[in-house]
Amino acid sequence: MTRNHKIAVIKGDGIGPEIIDEAIKVLDALSANMDFNLEYDEFLMGGAALDEAGVPLPDETIQGVKKSDAVLFGAIGGPKWDGVERHLRPESGLLALRKEMGTFANLRPAIVYDELVNASTLKPDVVKGVDIMVVRELTGGIYFGKPRELLADRAYNTMVYTRDEVIRIAHVAFEIAMKRNKRVCSVDKANVLEVSQFWRETVIEVAEEYPEVELTHMYVDNAAMQLIREPKQFDVILTGNIFGDILSDAASMLSGSIGLLPSASTGKGVGLYEPIHGSAPDIAGQGIANPLATISSASMMLRYALGEEEAANKIDDAIKKALSKGYRTGDLGAYDAKEVLSCSQMGDIIAKYVSK
Ligand code: IPM
Ligand code: MG
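Only a predicted model underlies this, so the values are computations on that prediction, with no experimental measurement involved. (Residues numbered from 1 in each chain as written. Chains lettered and ligands numbered in written order. Predicted model: local features only at pLDDT ≥ 70, side-chain atom pairs only at ≥ 80, totals over all residues. Heavy atoms only, no water.)

Novice: I tried to follow the pairing of strand 9 (residues 214–219) on my own but got confused; where do I start?
Specialist: For a regular strand, side chains alternate in direction, first toward one face of the sheet and then toward the other. In this structure, strand 8 (residues 183–188) lies alongside strand 9, joined through 6 bridges in parallel fashion. Its bridge partner lying in strand 9, V187 is registered against M218. After leaving strand 8, the chain enters helix 7 (residues 194–207) and then returns to the sheet as strand 9, a path that is right-handed. (Pairing = 2+ DSSP bridges. Helix = DSSP H or I, 4+ residues; strand = E, 2+ residues; numbered from the N terminus. Right-handed = clockwise from strand over helix to strand, strands pointing away.)

Take a look at the structure:
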């Protein structure tokens, strides 16, 4: 029997629409040849929503997303909206959506494809074989903590984690580690921050339920250094919202380009699938963005949200094949490209490979 999946699509701003179009091209090529149907509903968020509806996260988007099986999202933001009040900024739309959907667990895999070991700014022997999963807490911490205020002569935010918040994200990290190499490195700043001390003590408690998993702890400054020095020491990195934001950008450069890294945000119900990169306004509309992070995010969506493992594997294989044949978008093109492709040409190649 044909399976039906309902996907809410949020293209967003900047390169968002271009990269999402390529992911949909690939998903369509897959579903045409497989036993499932995909139905897409488009919703507005970010700057596009602000321009059209006066708010960065319209109610219609929240309702639509809740009725879907998964959300595929591009990117939001840009200099056009730099002057607007904080609660109306495009980013506030994304943060509110994450909170609204309860997607507290953000999984950001940083994998170095063998074909791209020369594309990293680090030495090939440092990055070859890197396979890290960053598990970032996404709906708490300093991003959401209250009180917060911008005053004339000072401003402040609050970094807060509750016991439940730490416990549930720690379980996610340990469960993932059980399916991988059974190592979790929890990253915090426990030498300075009470909230981090609390994080660490709580993670240690949760670890008791996973005796097979080796738990280590690292301060975030050291973790940033170790990621660059010897990234292969990491299996699963478990960390809070802001540290995870920073470390996952750093980890992305091990792979050669931030344009390659997908993410899955899961939690209570419907999950959100998005590339880790931003809206890249400087290259928007030029057709040169790398769509692979978004196409990989679509693969994570098929695997985690829709149970379409075979289709997900087809995407992953197609990406590896395209890279091994020397196809590169401009962000990777300076290295060993046989051919530098536009965003839509890369989408065409992946769509072709998944249809076979
Ligand atoms: C990310 C982004 C977002 C974040 C921004 C756009 C709000 O940097 O997904 O990593 O900080 O979470
Ligand atoms: Mg970020």
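On we go from here.
Novice: I would appreciate a short explanation of the site of ligand 1 in the present structure.
Specialist: The environment of ligand 1 is made up of E91, R98, R108, R136, Y143 and D245. For ligand 1, the protein covers 78% of the area, taking 320 Å² as the surface of the free molecule. Residue classes in the shell around ligand 1 are distributed as 1 nonpolar, no polar and 5 charged. (Near = heavy atom within 4 Å. Areas by Shrake-Rupley, 256 points an atom, 1.4 Å probe, with all protein chains shown as cover. Nonpolar A, V, L, I, M, F, W, Y, C, P; charged D, E, K, R; others polar.)

Novice: Help me understand the UniProt feature "binding site: Mg(2+)" (unreviewed entry) in the chain, please; the structure alone is not making it clear to me.
Specialist: The positions that UniProt labels "binding site: Mg(2+)" (unreviewed entry) are, in the present scheme, D221, D245 and D249. On the basis of their most widely separated C-alpha atoms, the annotated residues across 29 residues gather in one place, lying no more than 14.2 Å apart. With respect to the secondary-structure elements, D245 resides in helix 9 (residues 241–252). Beyond its immediate chain neighbours, meaning those up to four positions away, D245 contacts R108, R136 and Y143. Here D249 is to be found in helix 9. Given a relative accessible area of 37%, D249 falls into the partly exposed group. Once residues within four sequence positions are removed from consideration, D249 is found in contact with I258 and I276. (UniProt positions renumbered as here; feature names shortened; annotations may be inferred. Contact = heavy atoms within 4.5 Å. Buried < 20%, exposed > 50% of the residue type's maximum accessible area, 1.4 Å probe, protein only.)

Novice: How do you make sense of the environment of S252 when you look at a structure like this?
Specialist: Tracing the backbone shows S252 in helix 9. A relative accessible area of 0% places S252 in the buried class. Distance in space between the C-alpha atoms of S252 and A170 is 22 Å, their sequence separation being 82 residues. The contacts of S252, once residues within four sequence positions are left out, are S257, I258, L261 and I276. Within the structure, S252 has its side chain in polar contact with the backbone oxygen of D249 (distance 2.7 Å). (Polar contact = N/O pair within 3.5 Å; in protein donor to acceptor, adjacent residues only side chain to side chain.)

Novice: Just to check I follow, could you spell out the nonpolar core for this structure?
Specialist: In terms of nonpolar packing, the biggest core is built from 88 residues, with L72, I132, V135, F174, L238, L302 and I350 touching the most fellow members. Among the elements that make up this core, the one with the highest residue count is helix 6 (residues 163–178) (8 residues). Ignoring sequence-local partners within four residues, the contact set of I350 consists of V26, L292, I295, A318, I319 and A322. Among the nonpolar cores identified, the runner-up in size contains 15 residues, and L57, I76, M101 and V270 belong to it. (Core = buried A, V, L, I, M, F, W, Y, C linked by side-chain atoms within 4.5 Å.)

Novice: Got a minute to help me understand the pattern of salt bridges in this structure?
Specialist: Pairs can form between side chains of opposite charge whenever their charged atoms are close. Summed over the entire model, instances satisfying the criterion amount to 23 salt bridges. E39 is the salt-bridge partner of K6, the closest N and O atoms lying 3.3 Å from each other. Here the residue K6 occupies a position in strand 1 (residues 3–12), and E39 occupies one in strand 2 (residues 36–42), the gap between them amounting to 33 residues. A salt bridge links E309 to R303, with the nearest nitrogen and oxygen atoms 3.2 Å apart. Its relative accessible area of 22% is what places R303 among the partly exposed residues. (Salt bridge = Lys/Arg side-chain N within 4 Å of Asp/Glu carboxyl O.)

Novice: Please explain the environment of V84 as it appears in this structure.
Specialist: Note that V84 resides in the loop between strand 3 (70–75) and helix 4 (90–101). Given a relative accessible area of 27%, V84 falls into the partly exposed group. Residues V84 and L50, 34 residues apart in the sequence, show an inter-C-alpha distance of 9.9 Å. Those residues in contact with V84 that lie beyond four places of it in its chain are L50 and R89.

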